[in-house]
Amino acid sequence: MAGVSLSKIVKRFGAIEVVHGIDLDVAEQEFVVLVGPSGCGKSTTLRMVAGLEEISDGELTIDGRYMNRVAPKDRDVAMVFQNYALYPHLNVAENMAFGLRIRRVPNAEIKQIIADTAEILGLTNYLDRRPADLSGGQRQRVAMGRAIVRHPKVFLFDEPLSNLDAKLRTQMRAEIKRLHKRLGATSIYVTHDQVEAMTLADRIVVMNDGSIEQIGTPMELFNNPVNTFVAGFLGSPPMNQITGKVTETGAQVGDTVIQLDRDLGGLAGRDVVVGIRPEHVSLQPGEGTTPLPISLDLVEPLGSEALLHARFGDDNLVFKTDTNGQIEHLSGIDTVHVPASLVTLFDAESGRTLRAGG
Amino acid sequence: MAPRNTRWTRAVDHLKREWQIYLMLLPTIVWFIVFLYKPMYGLQIAFKDYSIFRGVANSPWVGLEHFETLFSNDQFFRAVYNTIQISALNLLFGFPAPIILALMFNEILHATYKKTAQTIVYLPHFISSVIIAGIVITAFSPTAGIVNTLLGWLGIDPIYFLTKPEWFRPIFVGTGIWQEAGFGSIVFLAAIAGVNPSLYESAVVDGANRWQMMWRITIPCILPTILIMLIIRIGNIMEVSFELVILLYQPATYSTADVVNTWVYRQGLQSGQYDLAAAAGLFNAVVAFVLVMAANSLSRRFSRTSLW
């Protein structure tokens, strides 16, 4: 296995620059997820690593080797595509063997590798079937099998689960995680689904408009987003963001001053965005909490939890709360309690997180 | 009481809802009726002693007499043999030509060069067969033709290509390829354009070169289209390009050039034996029908691809 290093990588299509000099180091055996909205450059970045797109500027190394002008086949990477890219005329075994046949691996060896991989992926009974005769999940497994059989240095995944339904996606997510633990392969995974990013990644790279916004572990990004974009992108539902102003005693939103557990005296008077995670509020007052009056619009029961859609001034807010099997009591909610330690403040102008002392 | 949801009421409802689509279909249906189904009424003259003055309905039945005449006629058998020979050569050389061209076009990366090359090879399709025949006759002329001029440079005496029976089939098949291969490649280019690009990207990552991608991805992926076109071609195996044969052949080359359609034309229109010509035409149609059914069922059995 090997590490991957991107240094000041730029991608231009004609005069249009779509990736603006990104830096990223993926350690050996690490599972890194590139996440961001459509058009943020995450797939283009992955394709540059694969060699499917030329690198306009910057330097790419895999296992310490300069790769910019190395052909895809010589980079020792394997890629799993969004639409699986299975050859419709070949059966499962032949699909998985394709890369090995191209590399002239002896037949007996191919047979053994296919059998072993099929066993890992639970495809042994489907080896004679063609892709058209498989379910979405099975096709996805074949696509992964095709990557695994090559024993590449780096696995690249380009939104591999986006064509699956929600249930299957959850199942396949767990399978990918298990597989990564078992194979210990360096992996770069692209998705626009923040749940996939949070559950799979050792580290998440949040991209926006061709640049990296933040790199960190899932919990680092969840708890300490560097700006409103990352805060709004990670978490489901996303972080509530209310415009306000820093005061001597806290952050004022509307007529309410939300208490904070840090001293922001030096920032008094500054316009801010107050970030409150939906799951961080409570329905009962507690130590260090501030009551926030809301006007409840809608209760969405999810089973063990419920989403409260509410209005606060001009802002639409969403809160998440446990139901304990009951939702009737939620319809009368007119106040939620915001804990001082879990409020994030962002500069209203730049969107960047404000720490104590500015 | 609610109306009964019968098949008839469902059909009427469907027609009311989708009448615009059926209206668009109408000209095609009319065309089929007028030009393909109505003439079938006249097929009965293949079993009659047809007279223009008595008309189709009043001509007396003669059973299979015309078929007996046909099958005892050496010239008819020669025409059938020539038809099959020319069609077989067309199938062997003419059928793969557009596929090869399409694969070659697909490998051209320079957009302008590709468009120019495509335009050049599509052009002959739009030229009338009469002009095509004129070009061929001129090119193979023993006095001023470019072919004989080139042969002359190599010290070879002029050959009277179009009067020699052994040269008719190669010239005819070659002309057909020149005229139609380019235009015929469009359908295969369309099929190639439909191949999922990520199959190629995946193959590139796996280490395949362009040659391997062509053999292992492009050709297998367009195989259903190739098979459909082959079935259609087999259905037309008895239909050799009638105009071009008429324009290029002459009595000296009848032994290899006279095909069923030209024989029917001479017997039916020039000699006035419409009933015998109808019998020959019916024979042609039955053979084509059997062939296309057989090809379709074989294709369905072995490749899961079929016309119906």
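Each value, and the rule that gives it
Residues numbered from 1 in each chain as written. Chains lettered and ligands numbered in written order. Predicted model: local features only at pLDDT ≥ 70, side-chain atom pairs only at ≥ 80, totals over all residues. Heavy atoms only, no water. Helix = DSSP H or I, 4+ residues; strand = E, 2+ residues; numbered from the N terminus. Buried < 20%, exposed > 50% of the residue type's maximum accessible area, 1.4 Å probe, protein only. Contact = heavy atoms within 4.5 Å. Lys, Arg positive; Asp, Glu negative; His and termini not counted. Charge placed at Lys NZ, Arg CZ, Asp CG, Glu CD. Domains from an automatic or database assignment. Buried area = accessible area lost by both parts, 1.4 Å probe. Polar contact = N/O pair within 3.5 Å; in protein donor to acceptor, adjacent residues only side chain to side chain. Axes fitted to C-alpha atoms, helices over the stretch in contact; angles between N-to-C directions. Parallel < 35°, antiparallel > 145°, perpendicular 65-115°, else oblique. Left-handed = near helix turned anticlockwise from the far one by under 90°. Phe/Tyr/Trp six-rings, centres within 6.5 Å; stacked < 30°, edge-to-face > 60°. Lys NZ or Arg CZ within 6 Å of the ring centre and 35° of its normal. Salt bridge = Lys/Arg side-chain N within 4 Å of Asp/Glu carboxyl O. Pairing = 2+ DSSP bridges. Core = buried A, V, L, I, M, F, W, Y, C linked by side-chain atoms within 4.5 Å. Nonpolar A, V, L, I, M, F, W, Y, C, P; charged D, E, K, R; others polar.

### Some remarks on the overall build of chain A
Okay, step 1: For chain A, the count of helices and strands is eight helices and 20 strands.
Okay, step 2: The C-alpha extent of chain A, read off along each of the three principal axes, is 75 × 50 × 35 Å.
Okay, step 3: Scored against the burial criterion, the 358 residues of chain A give a buried share of 51%.
Okay, step 4: In chain A, 67% of the contacts between residues at least 6 apart in sequence involve partners at least 24 apart.
Okay, step 5: If the 36 positive side-chain charges of chain A are averaged to one point and the 45 negative ones to another, these points end up 10 Å apart.

### Some words on the domain arrangement of chain A
Residues and elements named next belong to chain A.
Okay, step 1: Here the domain parsing of chain A yields domain 1 (4-228) and domain 2 (238-355).
Okay, step 2: Relative placement of domain 1 and domain 2: their C-alpha centres are 38 Å apart.
Okay, step 3: Of the residues lining the interface, seven residues belong to domain 1; the matching set on domain 2 comes to 11 residues.
Okay, step 4: When the two sides are added together, the surface that domain 1 and domain 2 hide from each other amounts to roughly 760 Å², 47% of it contributed by carbon and sulfur.
Okay, step 5: Where domain 1 meets domain 2, there are five residue pairs in polar contact (both at pLDDT 80 or more).

### Notes on the environment of G51(A)
Residues and elements named next belong to chain A.
Okay, step 1: Along the chain, the position of G51 falls in the loop between α1 (42-50) and β4 (57-62).
Okay, step 2: On a C-alpha basis, the gap between G51 and A71 in space is 6.4 Å, while along the polypeptide they are 20 residues apart.
Okay, step 3: Apart from residues no more than four positions distant in its own chain, G51 is found in contact with P72 and R75.

### Examining helix α15 (residues 260-270) of chain B
Residue and element names in this part refer to chain B.
Okay, step 1: Within α15, eight of the 11 residues are buried, which leaves the element mostly enclosed by the surrounding structure.
Okay, step 2: Those residues of α15 lying buried are V260, N261, T262, W263, V264, R266, Q267 and G268.
Okay, step 3: Lining the buried residues of α15 we find α4 (65-71), α5 (74-94), α13 (242-248), α14 (254-257) and α16 (274-303).
Okay, step 4: Positive backbone phi, at 75°, marks G272, one or two positions downstream of α15.

### Side note on the packing of helix α6 (residues 96-107) of chain B against helix α12 (residues 210-235) of chain B
Residues and elements named next belong to chain B.
Okay, step 1: At a minimum axis distance of 12 Å, the contact between α6 and α12 shows a crossing angle of 135°. Considering their axes alone, α6 and α12 lie oblique with respect to each other. Classified by chirality, the crossing of α12 by α6 is right-handed. On α12, the residues touching I99, L103, N106 and E107 of α6 are R210, M214, T218, I219 and I226.

### What to know about the packing of aromatic side chains
Okay, step 1: Per the counting criterion, the structure on display carries 23 aromatic pairs over all chains.
Okay, step 2: These aromatic residues form a ring-pair network of at least three members: F71(B), F76(B), F77(B), W263(B) and F283(B).
Okay, step 3: Taking the ring centre of F13(A) as reference, the NZ or CZ of K11(A) above it sits at 4.9 Å.
Okay, step 4: A cation over a ring is seen here: R277(A) above F222(A), with NZ or CZ 4.1 Å from the ring centre.

### Some thoughts on the interface of chain B and chain A
Okay, step 1: Each partner contributes residues to the interface: chain B has 17 residues there, and chain A has 23 residues.
Okay, step 2: Ranking the residues of chain B by area buried against chain A places V205(B), D206(B) and R216(B) at the top, with a combined share of 37%.
Okay, step 3: Linking chain B to chain A there are two salt bridges.
Okay, step 4: Residues E201(B) and R47(A) are paired through a salt bridge, measuring 2.5 Å at the closest nitrogen-oxygen approach.
Okay, step 5: For the pair chain B and chain A, the interface holds 11 residue pairs in polar contact (both at pLDDT 80 or more).

### Quick look at the sheet that holds β4(A)
Residues and elements named next belong to chain A.
Okay, step 1: Strand order in the open sheet formed by four strands is β2-β1-β4-β5, and the pairing between neighbours is antiparallel. Single-partner strands in this sheet number two, and they are β2 (16-26) and β5 (65-66).
Okay, step 2: Across the face of the sheet, α1 comes into contact with β1 (4-13), β2 and β4 while running at roughly 115° to β1.

### Here's the deal with the side chain of S187(A)
Okay, step 1: In this fold, S187(A) is placed in strand β8 (residues 186-191).
Okay, step 2: Contacts of S187(A), omitting those with residues within four sequence positions, involve V26(A), E30(A), F31(A), V32(A), F155(A), F157(A) and H180(A).

### Some details on the nonpolar core
Okay, step 1: Counting 63 residues, the largest nonpolar core has V4(A), L156(A) and I217(B) as the members making the most contacts within it.
Okay, step 2: The dominant element in this core, judged by the number of residues it contributes, is α12(B), at seven residues.
Okay, step 3: Setting aside residues up to four positions removed in sequence, I217(B) forms contacts with Y87(A), H89(A), F98(A), V195(B), L199(B), Y200(B), A203(B) and Q212(B).
Okay, step 4: Among the nonpolar cores identified, the runner-up in size contains 46 residues, and V35(A), A78(A), A118(A) and M172(A) belong to it.

### A word on the packing of helix α10 (residues 165-193) of chain B against α12(B)
Working note: a packed helix pair is described by the angle between its axes plus the distance between those axes.
Residue and element names in this part refer to chain B.
Okay, step 1: Look at α10 against α12: their axes get within 9 Å of each other, and the N-to-C directions meet at 140°. As judged from the angle between their axes, α10 and α12 are oblique. Crossing of α10 against α12: the hand is right-handed. Taken together, the residues of α12 that come into contact with α10 (itself represented by V187, F188, A191 and I192) are T218, I222, T225, I226 and M229.
Okay, step 2: Class assignment of the residues belonging to the contact of α10 with α12 gives a composition of seven nonpolar, two polar and no charged.

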